[in-house]
Structures are given as C-alpha cells and as structure tokens.
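# Reading the structure
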Amino acid sequence: MAIKAPRGTFDILPDRATLWNRVEAAARKVFHLYGYGEIRTPIFESVKLFASSIGETTDIVEKEMYIFQKGRETYALRPEATASVVRAYIEHNLHKTRAFQKFYYIGPMFRAERPQAGRFRQFHQIGVEAIGSADPLLDAECITMAADLFGELGVGGFTITLNTLGTDESRGRYREVLSLHLRQNRDALCENCRARIERNVFRALDCKVEGCRRITRSGPNVQDHLTDADRESFEKVTNALTGAGVAHEVDGFLVRGLDYYTGLVYEFLHGGLGAQNAICAGGRYDHLVADRGGPDVGATGFALGMERLIMALVDAQRGEAKDPRTPQVMLVNVGDEPRTRIFQLVLELRRRNVAAEMDHEARSTKAQMRAANRLGAPFVAVIGEDELESGRLKIKNMHTGEETPATFDTIADVLTSKLKAPAPKHSES
RNA sequence: GUGGGUGUAGCUCAGUUGGCAGAGCGCCAGAUUGUGGUUCUGGAUGUCGUGGGUUCAAAUCCCAUCACUCACCCCA
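Below, the structure is looked at part by part.

The rules behind the values
Residues numbered from 1 in each chain as written. Chains lettered and ligands numbered in written order. Predicted model: local features only at pLDDT ≥ 70, side-chain atom pairs only at ≥ 80, totals over all residues. Heavy atoms only, no water. Near = heavy atom within 4 Å. Polar contact = N/O pair within 3.5 Å; in protein donor to acceptor, adjacent residues only side chain to side chain. Helix = DSSP H or I, 4+ residues; strand = E, 2+ residues; numbered from the N terminus. Buried < 20%, exposed > 50% of the residue type's maximum accessible area, 1.4 Å probe, protein only. Contact = heavy atoms within 4.5 Å. Pairing = 2+ DSSP bridges. Axes fitted to C-alpha atoms, helices over the stretch in contact; angles between N-to-C directions. Left-handed = near helix turned anticlockwise from the far one by under 90°. Nonpolar A, V, L, I, M, F, W, Y, C, P; charged D, E, K, R; others polar.

## Points about the protein's contact with RNA strand B
For RNA strand B, the set of nearby residues contains 46 residues, the closest of which are Arg 111, Arg 119, Arg 196, Arg 256 and Arg 363. For RNA strand B, the backbone portion of the atoms within 4 Å of the protein, that is sugar and phosphate, comes to 55%. Note that a sugar or linking oxygen of RNA strand B is positioned 3.3 Å from one of the side-chain N or O atoms of Asp 59. A distance of 3.3 Å is found between a base nitrogen of RNA strand B and a backbone nitrogen or oxygen belonging to Val 382.

## Thoughts on the environment of Met 65
Counting through the fold element by element, Met 65 comes out in the loop between helix 3 (59-63) and strand 3 (67-70). Accessibility expressed as a relative area gives 10% for Met 65, which makes it buried. Each C-alpha atom, one on Met 65 and one on Lys 29, is 32 Å from the other, the two residues being 36 residues apart in sequence. Aside from chain neighbours lying at most four places away, what touches Met 65 is Val 47, Phe 50, Ile 60, Ala 76 and Pro 79.

## Structural notes on the sheet that holds strand 14 (residues 379-383)
Strand order in the open sheet made by the five strands is 13-12-14-15-16, with mixed pairing throughout. Every other strand in the sheet has two partners, leaving strand 13 (356-358) and strand 16 (403-407) as the edge strands with one partner each. The mean angle between the axes of side-by-side strands here comes to 25 degrees, regardless of whether they run parallel or antiparallel. In this structure, strand 14 lies alongside strand 15 (residues 392-397), joined through three bridges in antiparallel fashion. Paired with Phe 379 across the bridge in strand 15 is Asn 397. Taken strand by strand, helix 13 (residues 339-351) contacts strand 12 (329-333), strand 13 and strand 14, and its axis lies near 160 degrees from that of strand 13.

## Some points on the packing of helix 6 (residues 136-153) against helix 10 (residues 228-243)
Interhelical geometry of helix 6 versus helix 10 gives an angle of 35 degrees and a closest axis separation of 8 Å. Remark: the crossing between helix 6 and helix 10 carries right-handed chirality. Contacts between helix 6 and helix 10 involve Pro 136, Leu 137, Asp 139, Ala 140, Ile 143 and Thr 144 from the first element and Ser 233, Lys 236, Val 237, Ala 240 and Leu 241 from the second. Of the residues assigned to the contact of helix 6 with helix 10, the class counts are seven nonpolar, two polar and two charged.

Written out as structure tokens, the structure reads:
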C-alpha cells in the first residue's frame, strides 16, 4: 500500500465503470439526436490558451492549473474544454467550410483545488459547444438537450436557473449601477467583495456571506437594466423553454465565474449533492471565437459534471447497471485433465459470440459452481473424465436445473440456440 | 490557502474507568471424494494510519505527522 492515487483523483473500478459507460452512452445518444458531433482535443494545451480564454484573474488561472514545462513551451492540463474546442474550430478553419457547427466532448479536466464532495482534481465533464450562431433558440436547444439527457438517465430533483448578463451595452450599464451600489455599502461588504468591486463586480453577486447577500439582493438587478433587444432575446429563450415543457426560473442575480461568458447564463442545481450542487452550467460566449483570432461569431455551450451526475444517479437509486462481464456459460472442470479441452471449447464459444468462462484458480468443482452462480451465468457444463472419454456432456440451466445433452461438437450450436430462444428471464434494461 | 470531523480485518463499524483486538457482511473450506443458490458447521485475515511520549501495561491518555473526509474560497 505504498503509493496511492494522487489526492483528488480516484480509480473507476470495473463495477463502477459500467455506470460511467451508461452515462456516456446516454449522452452520445441524446447529443447525436440533436445533431452534435464528438470532438476530442488534447488533455494539455499551451497555458496561454487557458489564461487568455478563461480570464487572467479567475481562480482557475491564478492558482488551479497543473502547469509543466517542456522545452520552451509551457503547458497546462486542461481545466475545462471550451477554450480547446474554440481553438480547434479556428485552427482547422471550420468556419470556412461550415460556419455553424455543434460539438460535444467527454473527458477528464484538471484543477488543483482542495477536494470535497463533488469536487476533484481530476474530474470529468460532458460538454457541448455550438459555435457560429447567436440564435437564442440555440441556447434553448442546449438547455433542453441537457434536460433530455437527465430525463434519459432518470435523474430528477434539479432546478434550472437562468439569467442574462446582456450584451456589452446592458452589461456596461449594469456594471455601473452595481458598482455604485456596492461602493455605497462598501463598509458592510466582506473583504473579498470589496476587492471584487474593482476586479470583477459581478462576482460579488455570487458571494455567500449573509451580509453581502443582503446588500446585493437589495441592489439593482440585471433584468431591470437590459436593452430592449437583450430583453427580447432573453425572452425568446425562456419562451422556447416553456414551450418545450422545460421548467425553469429566472434569477436576476445569477452570474458565472469564467470571463468569457456573455449574455445568457444558466445553472442546473441539484439538491442532495452537498455544497457543490451545480450539476450542469453554461451560457453564451459570443466574443471568445473572435478574441482567439477567429471570425466574429456567436457561440454557446454548457459543461456537465460527471461525478456530480453520477452522485445524483446513485442518489436517485438509478445507479445500477448490468454487468457486461456476465458469462453466458461456465465450463466447469473436474480435475486438471479436462482443462486443455475446456480452454479450446471456451475459445470456440467466444469466437461464436458466446460469453464463455472457465476456472483459472484450480478450484474445486463445487467452488466453480458457486462462482458460476455468483457471476450470474445462465448455463453451466461440467466436464470431467467421463465427458472426455464419451464426448458427451450436459448443459445445465442454472435457473430451472434442467439438463440438456450435447457433445463437444454440438455444444456451441445447442448453446447459441438456447441463448437466443427463450431469453432467460433476467430482467433487462 | 483556512477551519471542523474521521483513521481498528477486504467492506461497514463496535471496543467500558488504560488490562489478552472484536462483530456483521464478504471470502475460503466442509456437511454422500462430479453440481450452485437456502441452511448448518468450521477457518483465515490486523503495522489498531505513522512516529514519538506518559505508564508495570496504550487501539484507549499526551505531542507531532500523514492520509481521508466535509466545509470555506471557487467551480462542473
């Protein structure tokens, strides 16, 4: 027990991996339905990419990146993937063939934070990015898609909260009135928020300190400072969601921490996840593509925390998944003699798409039977000297106890027909 | 980076005023030396996180340290 997995990381063992696979499969299914294509970008990128995209003054960039140097270049393990997807979009000139493209990604991200419930140093996100459009209906599509994914998996108990920061004009106006309000109440603010007035006023809205909360909540609300165009655009999203039957609420004080967000922002909050209750969050980033040297096009997307999603699944008793290793037949040996023949039989069965298993622990016949039962094998064949000599054997149905005669030559045929015919009454799904 | 909680068998955890380290589950074996589940019987497994201190004696008290965990910060 000398070396352990690094703090904030964890192993996904086979029993648990089936659940992860189920989640990923559900995401792919839903996303493909919505016309999103998978993109896989490097796990590490030039540190400059993240610093300039996410924001120099964000915690992520200031203290949470895993940075390493190789030669002249300094790299960072990706703390999120939006910057990478945008980089790829520009690098491959995707806008020149088809300006509007929809992507999704699934993979690990890295942030050197102190771990706690629902937060890890290597964590996994499922995210989407729709690049090349400023259509509010696209935001509605993203939100609906995420809601559909939760529905597909059977996860409930979350609320969708949205807000808009407005375009530059609205945001500028709001920044002014908000700063003014905070400056007037400066003395009552926490130290952090006082600094935020200068650094990034909007983040003061996120503060959890009771006193700060009271001050911000009693102050101006973004929703009251939107231009007509911004208001209209925001309403298009909320109306579309209502039309889609996606329950949501508006919170005029919701903001997001990453610098590239503009306009619409939203969060899916789940009860029962502990303090880190945002299971999915996203919004618009209409300037990022142009800022990174690409065309001036709008973009929107979200990221979903897989660890948190899986926590919610388990919480909702929807965390079970069928074990893909379950053998369909176990060939039990009596004594060591038949093992070579069994090895050949097992291979033959597998090559005919029958999941067959044999003993590799030199265990007793009884122990092998017990193992077959525990593994959930619906059929078992016991092979000893008698069978080797006669070439005849019996295939035992573990549910009914019924035994069907076969030979070494016909076992594969008998099994395949048995397996496909009455589908042993294991519950599926 | 800051604060709280917890470290005892593979897992979940008991362990009294300091006195031989335990239970449940799981695992292994046996109950007609070729057949599973249920049941019964038996069995194995410990750096009591680590290092030091107090004591005749420490899982237990003290100090340090590490790990895990929850929360703050921030975020998915």
